[in-house]
Amino acid sequence: MRRPALIVSGFLSAVSAMLIGSMLAIWLDFRSNAPLRESTDGGKMLRDWLPENIKIPEVATNTMMMTFVITCVMAQWAVYSSRRNDSKHASLALGVVLLTEIALINAQLAIYSQMGIGVRDGSYMTMFYAVTATMLVIIVVCMGFTLLALFRSIAGRAGDLDLVSAHALYCYAVSAIFAALWFVVYVQK
Amino acid sequence: MTAIDSSHSATSSSGSIATRSTLLGTIAAYLTASDHKRIGRLLISVSAIFAIATAIEGAILGIERISPSSSIVDADIIVQLFSALRFDLIFSVAAPMMLGLAVAVVPMQVGARALAFARSAMFGFYLWLFGVILVGSSYLNNGGPGGGNAEMVDLFLIGLGLVIAGLLLISTSVATTVLASRRAGMTLIETPIFSWSALVASVSMLLTLPVVAGAIIYVAVDHAYERATFGATEGVNAWIGWAFTTPQIFIVAIPTLGVLAQIVATMTRGKQPLRAGLLIGVGLMSTAVIGAVTQSSQTVNFSGSANDVLKSLIPYLFFNHLPILGVFIVLGLSLLALKNERAKLNAAFVPAFLGVGMVLTGMIGGSVFRITNFKLANTVFEEAVLVYVCYGVVLSGIGAVAYFGPRIWGREIPSGPVLGLGLLGFLATVLASLPYFIAGFADQPASVANNFDYSGPIWLWNSLVGAGHALMALVVLLFFAIAAKSFRSGTVSSATSADLFESVNG
């Protein structure tokens, strides 16, 4: 057998990347076709895409980005421990990954709350909720993967390197996908 | 390694209680199956039923267009039927039929104990089926792209999303089986050609269907919250229409090359000359993925300046003609293999070969469609391209079932009906498509059944198309009835599962 879990994780990563990639492509297309308007200080012309009254809560978004880094490190620690049949540390690492994923979901909900926008309020808002909610679903899928690996580790199958490696691969992929979304939606706006 | 499935008829020795429990047991077994042959059989059977329904849709539309000044069917229903025909050809018939074949055959070809993640594939089948039912319900209630009932349009989008999720799950199982479950010592180069084509098709779907899903999510959210950012109901087609046309539809036809090459290679019982070329040819057809994910059509106009023509010609050739080159390579190498004097012609070769021919004709038509000088946009030419490709897949499916079936289920299908129905299916495909190639040049508008006119025998082209679709419905019905009967109680086959492989090393 040639590590089927790792292969499936690779496919899942590709599917997630194509999904968010296509949504970001459409986002960029809309943004580039938005009409120009003058900035509030009158200094420059901007694309009329992000409404003037909306502020992106950059603390929360940057915290999400950094949390993904921690998630990746912890996922790799789980692989390291699993390779040594160290179920205690593998379970601990996977538990921390689960906690970071809960934190990510919490941060995303905090962003929604702080922005205070409604999904019907405009084109930007509708597309913003669509793409970020899709990212949230991908994080939830990753969470399911983490739970599966965690339960197997707790049950004593810490040496199951295939599944733990697959989990780590998916965590890396989700982090990379979020990095693209973070840059396009939250940084470039 | 999975073994030949010996079919046995359900017997009941005493009373209706035993018969009912056997029937219930069979239903329960199918509902919870993890056997790849059973899952494959479900996919192929259900897609065959949908093929008959789709052909009837096409026949109704053809008949409706015979006389543009009168109508038999209500105008609202006609709009839904046009959209339903496109959806059904690709997502209800062609894609699941090829994936079903892959699920049934690939594990045996690669020497796997079972299909990888078989329960996931079974779940994918139910997701797909439920999605198709939702889409059908939405069409029946004035949903679908451009439909008048907003809630039913939302239902259409949800159904389409479920269909895509189901196909993705099945594709993942097939691709993982080829990559991870091959028997020890079998490298990817040595993988039987049908399994290789199944791998390429599955990976192609894994790359392109999520792009459709991304567009669907935007359109669905926008539509559900009554915004018009994406054009409301009328805009649905604008954002996901590329998934129902070239080059995206070439992806579902990739396994047809594998079917033909596999039949030829095992027919000749010798080493396939330039086998690596076959693998490359199949791979070239998957370059359609690159064209599909751009979500736009690559057209060319030869009437501009030389510089402008060159700028559009290169992407046009790359996205439209590379897949065609792949088909030519496989066809050429397959015909080269037939020069082997040890070749023993198999009846299944005929529908498989004709199926690839029809796919190729559709692909060439698709490339002609993209030359804007011909002004074929919004004409029935595009419908003909779609029908050529998808009915070509059905023909190839007939050949595949006739060829692989005895090797999997241990019972023969008589050659005469396979040959006859293969030729009839070819005739049906030509009748259902070629007249619209001609009518397209005469500017018969697409998706319109009434109030159009052009010089030419309108009644002739449309009645031929209607007849072609009706004939295809009959062919599919007859073939699968014969296959079902043969696999249950036909002659025991002398073929073995070893016949699933071609000779790789001579």
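Residues numbered from 1 in each chain as written. Chains lettered and ligands numbered in written order. Predicted model: local features only at pLDDT ≥ 70, side-chain atom pairs only at ≥ 80, totals over all residues.

1. Quick word on the overall build of chain B
A count of helical and extended segments in chain B gives 15 helices and zero strands. Against the 2.2 N^0.38 benchmark of 23 Å for 506 residues, chain B shows a C-alpha radius of gyration of 22 Å, consistent with a compact globule. Across chain B, contacts joining residues at least 24 apart in sequence account for 86% of those joining residues at least 6 apart. (Helix = DSSP H or I, 4+ residues; strand = E, 2+ residues; numbered from the N terminus. Rg over C-alpha atoms; globule rule 2.2 N^0.38 Å. Contact = placed C-beta atoms within 7 Å.)

2. Some thoughts on the overall build of chain A
Helix and strand content of chain A: five helices and two strands. Taken from N to C terminus, the helices and strands of chain A fall in the order α-β-β-α-α-α-α. The principal-axis extent of the C-alpha atoms belonging to chain A is close to 65 × 30 × 30 Å. Looking at the 189 residues of chain A, the share that counts as buried comes to 37%. In chain A, the share of contacts with a sequence separation of at least 24, taken over all contacts with a separation of at least 6, comes to 78%. (Buried ≥ 20, exposed ≤ 12 C-beta atoms within 10 Å, placed from the backbone.)

3. Looking at the interface of chain A and chain B
Tallying the contact residues gives 22 residues for chain A and 24 residues for chain B. Elements with a minimum of two residues in the side of chain A that touches chain B: helix H1 (4–32) and helix H4 (123–154) of chain A. Examining the composition of the side of chain A that touches chain B, we find that eleven residues originate from one element, H1(A), more than from any other. Looking at the side of chain A that touches chain B, its residues break down into 15 nonpolar, four polar and three charged. (Nonpolar A, V, L, I, M, F, W, Y, C, P; charged D, E, K, R; others polar.)

4. Focus: the nonpolar core
Of all hydrophobic cores here, the largest spans 231 residues; its most connected members are Val103(B) and Cys390(B). Those residues in contact with Cys390(B) that sit more than four places away from it in its chain are Leu89(B), Ile90(B), Val93(B) and Ala94(B). (Core = buried A, V, L, I, M, F, W, Y, C linked by C-beta atoms within 7 Å.)

5. Side note on the packing of H1(A) against H4(A)
Residue and element names in this part refer to chain A. At a closest axis distance of 11 Å, the pairing of H1 and H4 adopts a crossing angle of 165 degrees. On the basis of their axis angle, the class for H1 and H4 is roughly antiparallel. The way H1 lies across H4 gives a crossing that is left-handed. Of H4, the residues touching H1 (which contributes Ser16, Leu19, Ile20, Met23, Leu24, Trp27 and Phe30) are Met127, Val131, Thr134, Met135 and Ile138. Residue classes in the contact of H1 with H4 are distributed as ten nonpolar, two polar and no charged. (Axes fitted to C-alpha atoms, helices over the stretch in contact; angles between N-to-C directions. Parallel < 35°, antiparallel > 145°, perpendicular 65-115°, else oblique. Left-handed = near helix turned anticlockwise from the far one by under 90°.)

6. Re unusual backbone geometry
Residue and element names in this part refer to chain B. Across the junction of threonine 246 and proline 247, the peptide omega takes the value -5 degrees, indicating a cis bond. Its location among the elements puts proline 247 in the loop between helix H7 (236–240) and helix H8 (254–268). Residues other than glycine seldom take positive phi values, yet lysine 375 does so here, at roughly 55 degrees. In this structure, lysine 375 sits in the loop between helix H12 (349–369) and helix H13 (381–409). Judged by the 12 C-beta atoms lying within 10 Å of it, lysine 375 falls in the exposed class.

7. Points about the confidence of the model for chain B
Residue and element names in this part refer to chain B. Across chain B, pLDDT averages 87, with 92% of residues at or above 70. Long-range and interchain partners of residues 1–15, a stretch whose pLDDT sits below 50, account for 29 contacts in this model, where long-range means more than four residues apart. Across the predicted assembly, pTM comes out at 0.91 and ipTM at 0.91. (pLDDT = per-residue confidence, 0-100.)

8. Some words on the packing of helix H2 (residues 36–64) of chain B against helix H4 (residues 118–140) of chain B
Residue and element names in this part refer to chain B. With their axes 10 Å apart at the nearest point, H2 and H4 run at an angle of 15 degrees to one another. Taken together, H2 and H4 sit at an angle that is classed as roughly parallel. Judged by the sense of rotation from one axis to the other, the crossing of H2 with H4 is left-handed. Packed against H2, whose contacting residues are His36, Ile39, Leu42, Leu43 and Val46, the element H4 presents Ala118, Ala121, Met122, Phe125 and Leu129 at the interface. Within the contact of H2 with H4, the residues separate by chemical class into nine nonpolar, one polar and no charged.

9. Overview of helix H2 (residues 58–83) of chain A
All names here are of chain A. Spanning 26 residues, H2 covers 38 Å between terminal C-alpha atoms, matching the ideal 38 Å at 1.5 Å per step. What H2 keeps buried is the set Thr61, Met64, Phe68, Thr71, Met74, Ala75, Ala78, Ser81 and Ser82. Structurally, H2 contributes buried residues whose contacts are with helix H3 (87–115) and helix H5 (161–187). With its phi angle positive at about 55 degrees, asparagine 85 sits one or two positions after the end of H2. (Expected span 1.5 Å × (residues − 1).)

10. Some words on the environment of Lys189(A)
Within the fold, Lys189(A) resides in the segment after H5. Along the sequence, Lys189(A) and Lys55(A) sit 134 residues apart, while their C-alpha atoms lie 9.9 Å from each other.

11. Some details on H4(B)
Relative to the 33 Å expected for 23 residues at 1.5 Å per residue, H4(B) spans 33 Å between its end C-alpha atoms, a close match to the ideal helical length. Asn142(B) lies just past H4(B) and shows a positive phi near 65 degrees.

12. Remarks on the environment of Phe50(B)
Residues and elements named next belong to chain B. Here phenylalanine 50 shows up in helix H2. Judged by the 21 C-beta atoms lying within 10 Å of it, phenylalanine 50 is buried. Expressed as a C-alpha distance, the spacing of phenylalanine 50 and proline 247, which sit 197 residues apart in the sequence, is 23 Å.

13. With respect to the environment of Val282(B)
Residue and element names in this part refer to chain B. Relative to the helices and strands, valine 282 is located in helix H9 (residues 275–285). The sequence separation of valine 282 and valine 200 amounts to 82 residues, and the corresponding C-alpha distance is 7.5 Å. The contact partners of valine 282, leaving out residues within four places of it in the chain, are Trp196, Ser197, Val200, Ile254, Leu257, Gly258, Gly326 and Val330.

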